[in-house]
Amino acid sequence: MTRTGATRPHPAAPPGVSSLSSIRPFRRLWIALSVSGLGHWLSVPALTAMAATLTRGDDAAARAQAVGGVLVALLVPAVLLAPLAGAALSRLDRRLTLLVADALRFLIVLSVPLLDALPWTFAAAFLVACVSVAWSAVAATAPAGLVPAELRPAARRSAARAMCWPAPVAAVVFAFVALIAKGAFGEGDRADLALYVTAGVFLAATAGVAALGEVPGSEPVETFSPVKTLFQGPRVPGVRGLGLAVVGVALAAGAVVAVARVHTGHLGGGDAGYGAVLTGLTSGLGFGLFLGPRVLGPFSRRRLLGLAVIAAALALVVVSLVQNLVVVAFVTAFLGVAAGAAWSTASAVLAGDEPSDEPSDDPAQNRPDAFPRSVALVTALVVAAAVPPLAGVIGSRHYDLGDGDYDFQGTGAAMLIAGLLALLAGLVAFRRLDDRHGIPLVADLRAALQGRVYTPPEQAAPEDRRVARRERGVFIAFEGGEGAGKTTQARLAAIWLRDHGYDVVATQEPGATKIGMRLRAMLLDRETTGLSSRAESLLYAADRADHVANVIRPAMERGSIVVSDRYVDSSLAYQGYGREQPVEDIARVNDWATGGLIPDLTVLLEVPPRTGLGRLSAPADRIESEPDEFHERVRAGFHALAEAEPERYLVLDASRPQGELSREIQYRIREILPDPIPAGTEDVTSTFPIITD
Ligand SMILES: Nc1ncnc2c1ncn2[C@@H]1O[C@H](COP(=O)(O)OP(=O)(O)O)[C@@H](O)[C@H]1O
Ligand SMILES: Cc1cn([C@H]2C[C@H](O)[C@@H](COP(=O)(O)OP(=O)(O)O)O2)c(=O)[nH]c1=O
């Protein structure tokens, strides 16, 4: 609704604090954690490469097993020791723990090239991993202790990012160090250099943490037992096939990592090639995690999850068969994208189905991703333990193909087997996860690409179809974040249309009907606390159902032009993207509520949330009071919706002057007005519309 007056600060922001990055101690800790994270991720290729270097004289099977052994040593503590760490760490000083963790890892990693022995490399990997378990548990919670309570959830998410983003950077650094080592020494791979660099990074992280002030321990350090969580099953038991999907993804990504060092050696790549493959995998993973459920907005997330697992498995099959290192690196990147997308889609499926019950004492019960994490960790451990020996047992095969030879190595064969198993897991998971039984996949995908939810013709309600045929009016919706200028522009458009003789019904959501006004009061009143996201979505949908049935549809049938301030896209953006609920579920509920009525044109007014919120003068309502991150997600949601269906949207930069905006809107509306005389307008309003400039 239009509110005029002076600007005001966003209510969610504590005085003087606009964002996490403006809190200096937080920023410094975040940087220190990112440096530690870089060391953490560098230690994986550096230690595995060291194992490969130390077994250089042995056969490929021994080398594969040495690399696999290091990976097992790196994974065992996370699977077995994590549950012991939580309680003990809560009592320790956070800054000191982080400092000691970085210093210890510096010393251990430094000792590996100095001692230059395989057994110590295994032991060092195990010790580094033990320290990393403690480090990551503390690092996940420490930054939240430095920010006001409102920003803690964002600080936790930001800490998780600080630990993850260095992974692709570490892979690139490793590849570069390997190239430099080769160039400078010209005597094969020198993993010791990568280890010195890793030790140096840990030393820098130690210095970074030492320079920090106090890190209060206001957040509990929570760890959970992956093995116990595995046996407990997912927190949401209804998600059949989810565990299998995660097994498929972890199998595909894990198998590449388990044999990559030795396999790239066969392909003539050495450590640099290994680094290139890891770069492909980790950057693909990052991109896939970001993309995840953002691709194909209206498509079923469960179907998307199944498809992503199948794609990752097929990529592994290709990687196993191709003998060219560059192609292997690219296809591995694709595998990473599919695996990352599967992971974030699985998290979204779990978060969307989250029961909103009381927090439990068991940390695993409070984390929706505890189950997939546990499945992934345990699968990765099994893969690291089983795939390299399998490669050794199979050994290499030489095929004479007449016009060329084909060497099929044990590593390729082991990846092929893992890929086929992952494919099987993906296919079964797809079947189990499928929540759109009987809906053809291709039609569903095609509709999703056009930004729609596919509804088979026989499922559309007969009455809705009858009404749809009779509709003669035009429906225009105005969408955007808070204070974008929707009300202003909707009003200007309605005036302009009326001036040109059209019968216009100007309306808004929520609260256009009597019932709607009561729902609006419930939805926007700040006194309404504890309303679950699902209930909120249904209340908006109920308001909309009443709005369509009593205002919009009758007006459309009369041939009027309906101009609505907000419609379904608001729910997709706020309740879907903002509340992080599955967008396709919100779309389905609203499709039913509205009988499938979609606007002929949606004007999306885009403005940064802070600017829009700053324009409002009345006290913030319940939704406006949400934190910045919420409004950012809403904005991104609107953006994604408009991108998915460009022909229905007019997207405008709402920071432009009002007059300019309304002129552009008029231009676009003119394109969709019934030509030359709106059908039905004459018999209802007895006016002849004349369109002039
Ligand atoms: N393009 C614009 N530039 C600057 N201020 C604007 C613009 N459009 C609207 N406003 C002002 O912003 C405030 C909110 O506008 P309103 O139309 O109520 O937004 P919404 O309905 O999207 O919340 C009002 O004070 C309005 O005058
Ligand atoms: C229609 C709709 C609105 N909302 C929210 C957005 C707004 O914060 C609030 C509507 O309040 P209102 O004051 O009408 O918003 P605005 O002036 O920004 O148009 O309800 C949803 O979350 N979902 C929906 O489906």
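Note that the coordinates shown come from a computational prediction; the quantities given were computed from them, not determined experimentally. Residue positions within a chain follow its written sequence, with the count starting from 1. Here the convention is simple: chains get letters from A, ligands get numbers from 1, in the order in which they are written. Totals for whole chains, interfaces and linings use all residues, but because this is a predicted model, local features are given only for residues with pLDDT of at least 70 and pairs of side-chain atoms are given and counted only at 80 or more. Neither water nor hydrogens contribute to the side-chain values; these are computed over all heavy atoms in the structure.

Draft legend 1. Representation of the overall build of the protein. Along its length, the protein carries 27 helices and seven strands. Across the 693 residues of the protein, 53% fall into the buried class. Partitioning the intrachain contacts of the protein with sequence separation of at least 6 by distance along the chain shows that 81% fall at a separation of at least 24. Using a 1.4 Å probe, accessible areas were evaluated by the Shrake-Rupley method; residue-level cover was limited to the displayed protein chains. Element-wise, carbon and sulfur atoms account for 62% of the exposed surface of the protein, whose accessible area totals about 29,200 Å². Every helix listed is a DSSP run of H or I at least four residues long, and every strand listed is a run of E at least two residues long, numbered separately from the N terminus. Burial here depends on accessible area, computed with a 1.4 Å probe over protein chains only, as a share of the maximum for the residue type. Under 20% is buried, over 50% is exposed, and the range in between is partly exposed. Note on definitions: a residue-residue contact is assigned when non-hydrogen atoms from the two residues lie within 4.5 Å.

Draft legend 2. Local environment of empty space enclosed by the protein. The rule is simple: put a 1 Å grid over the protein atoms alone, call a set of points where a 1.4 Å probe fits but cannot get out a cavity, call an open set with protein on both sides within 12 Å along at least five of seven lines a pocket, and count a residue as lining if it has an atom within 4 Å of a point. Grid points are joined across faces, edges and corners, and a volume is the space filled by probe spheres set on the points. Tallied over the entire structure, the rule returns six cavities of 30 Å³ or more. For the lining of the largest cavity, the secondary structure elements donating two or more residues are α24 (609-615) and α25 (628-644). With three residues, the single largest contributor to the lining of the largest cavity is α25. Each residue is assigned to one class: nonpolar for Ala, Val, Leu, Ile, Met, Phe, Trp, Tyr, Cys and Pro, charged for Asp, Glu, Lys and Arg, and polar for all the others, Gly among them. Split into classes, the residues belonging to the lining of the largest cavity amount to five nonpolar, two polar and two charged.

Draft legend 3. Here's a closer look at helix α20 (residues 514-524). When α20 is considered as a whole, its buried residues turn out to be Gly516, Leu519, Leu523 and Leu524. Projected down its long axis, α20 shows its buried positions confined to an angular sector of 115°, all on one face. When the buried face of α20 is taken as reference, the exposed residues oriented beyond 90 degrees from it are Lys514, Met517 and Arg518. The inward-facing, buried residues of α20 abut α21 (533-558). Summarising the geometry, the arc corresponds to the directions from the helix axis toward the C-beta atoms.

Draft legend 4. Looking closely at the packing of aromatic side chains. Put simply, two rings from Phe, Tyr or Trp (the six-membered ring, in Trp's case) pair if the centres are within 6.5 Å, and we call them stacked under 30 degrees between planes, edge-to-face over 60, tilted for the rest. Evaluated as defined, the whole model comprises five aromatic pairs. Between tyrosine 574 and phenylalanine 638 the ring centres are 6.2 Å apart and the planes differ by 80°, which places this aromatic pair in the edge-to-face class. Placement of tyrosine 574 in helix α22 (residues 568-578) and of phenylalanine 638 in helix α25 is noted, with a sequence separation of 64 residues between them. An aromatic cluster of three or more residues is present, and its members are Tyr574, Phe630 and Phe638. A ring has a charge above it when a Lys NZ or an Arg CZ is no more than 6 Å from the ring centre and no more than 35 degrees off the ring normal. Sitting over the face of the ring of tyrosine 567, arginine 544 holds its NZ or CZ atom 5.9 Å from the ring centroid.

Draft legend 5. Quick peek at the pattern of salt bridges. Here, a salt bridge means any side-chain nitrogen of Lys or Arg that lies within 4 Å of a carboxyl oxygen of Asp or Glu. One pass over the structure, following the stated rule, counts 19 salt bridges. A salt bridge links arginine 566 to glutamate 482; the nearest nitrogen and oxygen atoms lie 3.9 Å apart. Here arginine 566 is found in the loop between β5 (561-565) and α22, whereas its partner glutamate 482 is found in the loop between β3 (474-480) and α19 (486-499), with 84 residues between them in sequence. By relative accessible area, which is 10% here, glutamate 482 ends up buried. Residue arginine 544 pairs with glutamate 509 through a salt bridge whose shortest N-O separation is 2.6 Å. Residue arginine 544 is found in helix α21, and its partner glutamate 509 is found in the loop between β4 (504-508) and α20; the two are separated by 35 residues along the sequence. By relative accessible area, which is 4% here, glutamate 509 ends up buried. One salt-bridge network, held together by shared partners, links Glu536, Arg579, Arg622 and Glu626.

Draft legend 6. Representation of the sheet that holds β4 in the model. Taking strand neighbours across the sheet as the criterion, the five strands line up as β4-β5-β3-β6-β7 in an open arrangement whose pairing is parallel. Looking at which strands have only one partner, the edges of the open sheet turn out to be β4 and β7 (649-653). Strand-to-strand twist in this sheet, taken as the mean axis angle between neighbours without regard to direction, amounts to 15°. Strand direction decides the pairing type here: strand β6 (residues 601-606) and β7, joined by five bridges, are parallel. By the bridge assignment for β7, valine 603 is matched with leucine 650. Lying over the sheet, α19 contacts β3, β4, β5 and β6, oriented at roughly 155° with respect to β3. This element, α25, spans β3, β6 and β7 of the sheet and lies at about 145° to β6. The criterion for strand pairing is that DSSP finds at least two bridges linking the strands in question. Interaxial angles span 0 to 180 degrees and are taken between N-to-C directions of axes, which are lines fitted to C-alpha atoms, for helices over the stretch in contact.

Draft legend 7. Geometry of the environment of leucine 601. Tracing the chain through its elements places leucine 601 in strand β6. Leucine 601 sits in the buried class, given a relative accessible area of 0%. Along the primary structure leucine 601 and glutamate 647 are separated by 46 residues, whereas in three dimensions their C-alpha atoms are 8.4 Å apart. Other than its neighbours up to four places away in sequence, leucine 601 contacts Phe475, Ile476, Ala477, Arg648, Tyr649, Leu650, Arg668, Ile669 and Ile672.

Draft legend 8. Spatial organisation of helix α23 (residues 583-594). Here, expected helix span is obtained from the residue count minus one, scaled by 1.5 Å. For α23, with 12 residues, the first-to-last C-alpha span of 16 Å sits near the 16 Å given by 1.5 Å per residue. Considered for burial, the residues of α23 that qualify are Val583, Glu584, Ile586, Ala587, Asn590, Ala593 and Thr594. Summarising the contacts, the buried residues of α23 are in contact with α12 (301-321), α21 and α22. Once α23 finishes, glycine 595 follows within two positions and takes phi at roughly 60°, a positive value.

Draft legend 9. Structural detail: the packing of helix α1 (residues 24-54) against helix α2 (residues 60-80). Direction vectors running N to C along α1 and α2 enclose 145°, while the axes themselves pass 8 Å from each other. Considering the relative orientation of α1 and α2, their crossing is right-handed. Here α1 contributes Val44, Leu47, Thr48, Ala51 and Ala52 to the contact with α2, which in turn contributes Arg63, Ala66, Val67, Val70, Leu71 and Leu74. Looking at side-chain class alone, the contact of α1 with α2 contains nine nonpolar, one polar and one charged residues. By convention, the crossing between two helices is left-handed when the near helix turns anticlockwise from the far helix through less than a right angle, and right-handed when the turn is clockwise.

Draft legend 10. The packing of α1 against helix α11 (residues 270-291), seen in detail. Where α1 meets α11, the axes come as close as 11 Å, and the angle between the chain directions of the two elements is 145°. Of the two elements, α1 crosses α11, and the hand of that crossing is right-handed. Seen from α1, the contacting residues are Pro45, Thr48 and Ala49; seen from α11, they are Asp271, Tyr274 and Leu278. Considering only residue class, the contact of α1 with α11 consists of four nonpolar, one polar and one charged.

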